[in-house]
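# Reading the structure
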Amino acid sequence: MKMLNSLMSLGIRRAVLTGSDGLVIESVGRGGPSPEVLAVELANLTRTMGSTARQLGGELRRFTLATDDQEILAVVFEGYCLGALLERGADRKSVGNELTRLALRLAEEI
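In what follows, the accompanying structure is described. Because the structure is predicted, anything quoted here is derived from the model rather than measured. (Residues numbered from 1 in each chain as written. Predicted model: local features only at pLDDT ≥ 70, side-chain atom pairs only at ≥ 80, totals over all residues. Heavy atoms only, no water.)

### Here's the deal with the sheet that holds strand β5 (residues 80–87)
Spatially, the 5 strands line up as an open sheet ordered β2-β1-β5-β4-β3, and their pairing is antiparallel. The sheet is open, and its two borders are formed by β2 (24–29) and β3 (62–66), each paired with just one other strand. Geometrically, the sheet is characterised by an average inter-axis angle of 15 degrees between neighbouring strands, direction not taken into account. Sitting on the sheet, helix α2 (residues 92–109) touches β1 (14–19), β3, β4 (70–77) and β5, and the angle it makes with β4 is about 25 degrees. (Pairing = 2+ DSSP bridges. Helix = DSSP H or I, 4+ residues; strand = E, 2+ residues; numbered from the N terminus. Axes fitted to C-alpha atoms, helices over the stretch in contact; angles between N-to-C directions. Contact = heavy atoms within 4.5 Å.)

### Topic: the nonpolar core
Among the nonpolar cores identified, the biggest contains 18 residues, and Leu4, Leu82 and Leu99 are the most heavily contacted of them. Looking at which element gives the most residues to this core, the answer is α2, with 5 residues. In this structure, Val16, Leu38, Ala39 and Phe63 belong to the second largest nonpolar core, which totals 12 residues. (Core = buried A, V, L, I, M, F, W, Y, C linked by side-chain atoms within 4.5 Å. Buried < 20%, exposed > 50% of the residue type's maximum accessible area, 1.4 Å probe, protein only.)

### Remarks on helix α1 (residues 35–55)
With 21 residues, α1 should reach 30 Å at 1.5 Å per residue; the first-to-last C-alpha distance of 30 Å fits that figure. Among all positions in α1, only Pro35, Leu38, Ala39, Leu42, Ala43, Thr46, Gly50 and Ala53 are buried. One face of α1 carries all of its buried residues, which in axial projection span an arc of 135 degrees. Residues of α1 that are exposed and point more than 90 degrees away from the buried face comprise Thr48 and Gln55. Turning to α1, the residues buried within the fold contact β1, β2, β3, β4 and β5. Trailing α1 by a residue or two, glycine 57 shows a phi angle of about 90 degrees, which is positive. (Expected span 1.5 Å × (residues − 1). Arc of directions from axis to C-beta.)

### Thoughts on unusual backbone geometry
For the bond from glycine 32 to proline 33, the omega torsion is -5 degrees, close enough to zero to count as cis. With respect to the helices and strands, proline 33 occurs in the loop between β2 and α1. Here the phi dihedral of glutamate 78 falls at roughly 45 degrees; this positive angle occurs in a residue that is not glycine. Note that glutamate 78 resides in the loop between β4 and β5.

### Side note on the pairing of β5
Taking burial as the measure, the 8 residues of β5 include 6 buried ones, the bulk of the element. Where β1 lies against β5, 6 bridges are found, and the strand directions are antiparallel. Its bridge partner being in β5, leucine 17 is matched across the sheet by leucine 82. Here β4 pairs with β5 via 8 bridges, running antiparallel. Following the sheet pairing, phenylalanine 77 is matched in β5 by tyrosine 80.

In structure tokens form, the structure reads like this:
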């Protein structure tokens, strides 16, 4: 598939496409956490935040998790989650736009 390669030029550390089962469908990047760990965590966050979103009367579409040094940007679609790990200070807008573009493309193909 290798659809996630376009994210590498935006300076992300790692990106993962996962389903609700937390298994890696595709990944790119380097460093920790491993693609498997990131996929499981993204699936868990998606389930938890999805429940909260439904209680608020909507569906989860995207979320961000930030620490002092890193951020995860994620887009949720069709039972999948596409997330990217980036260093704080990276171009969040470009990464978010690319995640959305890829999610739309993947939703058409899945």
